[in-house]
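# Descriptive structure summary
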Amino acid sequence: MLAFPNIKINLGLSITEKRPDGYHNLETVFYPVALEDALEIRTSPNADRKFTLHQHGMEIAGNPEDNLVVKAYLLMDKEFHLPPVEIHLYKHIPSGAGLGGGSSDAAFMLKLLNDHYQLGVSEEQLEVYAATLGADCAFFIKNRPIFAEGIGNIFSPVELSLNGYQIMIIKPNVFVSTREAFSNIHPHRPKYPVMEAIQRPVQEWKDTLINDFEASVFPQHPVIGEIKEELYHQGAIYASMSGSGSSVFGLFAPGFVLPEINWGTDVFCFKGKL
Ligand SMILES: C[C@@](CO)(OP(=O)(O)O)[C@H](O)COP(=O)(O)OP(=O)(O)OC[C@H]1O[C@@H](n2ccc(N)nc2=O)[C@H](O)[C@@H]1O
Ligand SMILES: Nc1ncnc2c1ncn2[C@@H]1O[C@H](COP(=O)(O)OP(=O)(O)O)[C@@H](O)[C@H]1O
């Protein structure tokens, strides 16, 4: 059985406070975008180990046991005693990009196992399992635009459609650790709360919808800020770093001819439609 885990982008990201458990409360809108990995599971009844992970495409650091798809499988195996599986993961989503690729793989693994083995787990319960694997993992269960609070796992519906808009996502060869990005943040209440800013026309987002990580990440990695500037220069209506970086996305009007930009070697570039 096959699935295609997609990415999310963050529309606005306010880090509002540090919590006693060391995590941070935040406010953001997660929006799904069709940049995808491919994930397949096959039952392997006679295997002498519970899982075998076959990786293709971009490399991810770490042992198979560290991979979030394996963690998701082991979590469900503990609850439901699953048969051994062969897992095939084709990585197309860049890692450490603020696009939630690992979290998406994990959430789609939970959904895949639930469907394939007819476990009958509700979406709400899948969200609970997902939240134990990563702060933004639960988003990918329902996988539709949502306003998120808490550590990124308390959801409220948001009325927002960017259907028809075009997107460019650029990721330079720069690694930003999420943990490190948080440690450089001074949490505060935003001037324009994300939920308010998002209701305004996209043309106004440039001045109202802020990703708080930019202020700490851009000085350390100027290339990321330069990419954002270039996207505006090339006609983006709104551009922002996603999550804790290092990718930057630009939203372009429907029908706009997306620019051909030579970003240089080692730079990942995706063009698509919302
Ligand atoms: C902050 C966001 C916004 O989208 O960043 P990106 O990962 O997308 O860049 C995400 O919610 C991240 O979610 P996720 O990447 O799943 O985070 P986790 O693996 O659970 O946490 C990585 C580390 O970030 C810090 N962390 C994470 C989430 C949070 N609300 N507060 C934190 O302080 C913690 O130090 C934690 O050890
Ligand atoms: N299936 C996976 N895909 C990508 N990264 C994974 C995966 N499993 C574990 N990881 C680890 O999670 C870290 C964060 O990856 P990812 O979710 O892609 O980035 P981000 O949180 O910036 O969007 C990576 O450094 C990687 O080592």
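Conventions adopted
- Residue numbering note: each chain is counted from 1, following its sequence as written.
- Each chain is given a letter, starting from A, and each ligand a number, starting from 1, according to the order in which they appear as written.
- In view of the model being predicted, local features appear only for residues whose pLDDT reaches at least 70, and side-chain atom pairs are presented and counted only at 80 or more, with totals across whole chains, interfaces and linings using the full set of residues.
- Either an automatic procedure or a domain database provided the assignment from which the domain bounds are taken.
- Here contacts are defined at the residue level, using C-beta atoms placed from the backbone and a cut-off of 7 Å between them.
- Only runs of H or I of at least four residues qualify as helices and only runs of E of at least two qualify as strands under DSSP, and these elements are numbered from the N terminus.
- Throughout this description, a residue near a molecule or strand is one whose C-beta atom, derived from the backbone, lies within 6 Å of it.
- Residues are sorted three ways: Asp, Glu, Lys and Arg are charged, Ala, Val, Leu, Ile, Met, Phe, Trp, Tyr, Cys and Pro are nonpolar, and all the rest, Gly among them, are polar.
- UniProt positions are given in the numbering used here, feature names are shortened, and annotations may be inferred rather than shown by experiment.
- Only the stretch in contact is used when fitting a helix axis, every axis being a line fitted to C-alpha atoms; angles between N-to-C directions are given from 0 to 180 degrees.
- Orientation categories follow fixed angle ranges, with anything under 35 degrees roughly parallel, anything over 145 roughly antiparallel, 65 to 115 roughly perpendicular, and all other angles oblique.
- Each helix crossing is assigned a hand: it is left-handed if the near helix lies turned anticlockwise from the far helix by less than a right angle, otherwise right-handed if that turn is clockwise.

Before going further, it helps to examine the domain arrangement of the protein. The domain boundaries assigned to the protein delineate domain 1 (2-157) and domain 2 (166-273). Computed over C-alpha atoms, the centres of domain 1 and domain 2 are 23 Å apart. At the junction of the two partners, domain 1 supplies 24 residues and domain 2 supplies 31 residues. For the side of domain 1 that touches domain 2, the secondary structure elements donating two or more residues are β2 (6-18) and β3 (24-36).

The next subject is the site of ligand 1. Neighbouring ligand 1 are 19 residues, the closest being Gly-98, Gly-134, Ile-151, Gly-243 and Ser-244. Among the elements of the structure, β2, β3 and α5 (178-183) are those that each provide at least two residues to the shell around ligand 1. For the shell around ligand 1, the per-class residue count stands at seven nonpolar, ten polar and two charged. Two domains each provide a minimum of three residues to the shell around ligand 1, namely domain 1 (2-157) and domain 2 (166-273).

With that settled, consider the UniProt feature "domain: GHMP kinase C-terminal" (unreviewed entry) in the protein. Taken from the UniProt record, the annotation "domain: GHMP kinase C-terminal" (unreviewed entry) applies to residues 203-252. Secondary structure within residues 203-252 divides into 48% helix and 18% strand; the distance between the first and last C-alpha atoms comes to 10 Å.

Another aspect to go through is the packing of helix α2 (residues 101-116) against helix α3 (residues 123-131). Their axes nearest at 10 Å, the elements α2 and α3 cross at an angle of 140 degrees. With respect to each other, α2 and α3 are oriented oblique. Helix-helix and strand crossings are classified by hand; for α2 and α3 the assignment is right-handed. Residues Ala-106, Ala-107, Leu-110, Lys-111 and Asn-114 of α2 touch α3, and the partners they reach there are Leu-126, Tyr-129 and Ala-130.

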